[in-house]
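Architecture and fold: a report
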Amino acid sequence: MNEKPTPPEDWECCESECSPCVWDTYYEALREWNAQQKALKEKSESSQATDRDADEKHQS
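Conventions used here
- Residues numbered from 1 in each chain as written.
- Predicted model: local features only at pLDDT ≥ 70, side-chain atom pairs only at ≥ 80, totals over all residues.
- Heavy atoms only, no water.
- Helix = DSSP H or I, 4+ residues; strand = E, 2+ residues; numbered from the N terminus.
- Rg over C-alpha atoms; globule rule 2.2 N^0.38 Å.
- Areas by Shrake-Rupley, 256 points an atom, 1.4 Å probe, with all protein chains shown as cover.
- Lys, Arg positive; Asp, Glu negative; His and termini not counted.
- Charge placed at Lys NZ, Arg CZ, Asp CG, Glu CD.
- Buried < 20%, exposed > 50% of the residue type's maximum accessible area, 1.4 Å probe, protein only.
- Phe/Tyr/Trp six-rings, centres within 6.5 Å; stacked < 30°, edge-to-face > 60°.

Looking at the overall build of the protein chain
What the protein chain contains, in helices and strands, is 1 helix and 0 strands. Over its C-alpha atoms the protein chain spans a radius of gyration of 20 Å, topping by over 25% the 10 Å that the globule rule assigns to 60 residues. For the protein chain, the C-alpha atoms occupy an extent of roughly 65 × 15 × 10 Å along the three principal directions. About 5500 Å² of surface is accessible on the protein chain, with carbon and sulfur atoms providing 48% of the total. The averaged location of the 15 negative side-chain charges in the protein chain is 11 Å from the averaged location of its 7 positive side-chain charges.

Some words on unusual backbone geometry
The linkage connecting S19 with the following residue, P20, adopts the cis geometry, with an omega of 0°. Residues other than glycine seldom take positive phi values, yet E15 does so here, at roughly 55°. Tracing the backbone through its elements, the reader meets E15 in the segment before α1 (22-59). For E17, which is not a glycine, the phi torsion comes out positive at approximately 60°. Residue classification places E17 among the exposed residues on the basis of a relative accessible area of 77%.

Examining the environment of E3
Along the chain, E3 turns up in the segment before α1. We classify E3 as exposed; its relative accessible area is 72%. Once the C-alpha coordinates of E3 and W33 are considered, the two residues, 30 residues apart in sequence, prove to be 8.0 Å apart.

Regarding the packing of aromatic side chains
Applying the stated criterion to the full structure yields 3 aromatic pairs. For the ring pair W23 and Y26, a centre distance of 5.7 Å and an interplane angle of 90° mean the geometry is edge-to-face. Of this pair, W23 and Y26 both sit in helix α1, separated by 3 residues, roughly a single helical turn. Note on W23: relative accessible area 27%, which makes it partly exposed. The exposure class of Y26 is buried, given its relative accessible area of 12%. An angle of 35° between the planes, with centres 5.8 Å apart, marks the rings of W23 and Y27 as tilted. Here the residue W23 and the residue Y27 both occupy positions in helix α1, the gap between them amounting to 4 residues, near one helical turn. Here a set of aromatic residues connected by ring pairs shows up, and it is made of W23, Y26 and Y27.

Structure, rendered in structure tokens:
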């Protein structure tokens, strides 16, 4: 699993409206990280639901 991106330090942005700015790069990485976390959470929840269903069938 990737670590959450860290925001750039104040000194890393020159405020010259560069393209891409270090902040643009950071926000893109953060969006990708958030999407990855969401997918992992959904996969985990789906897996847990499947496990519960299997347990219920096994107990019946």
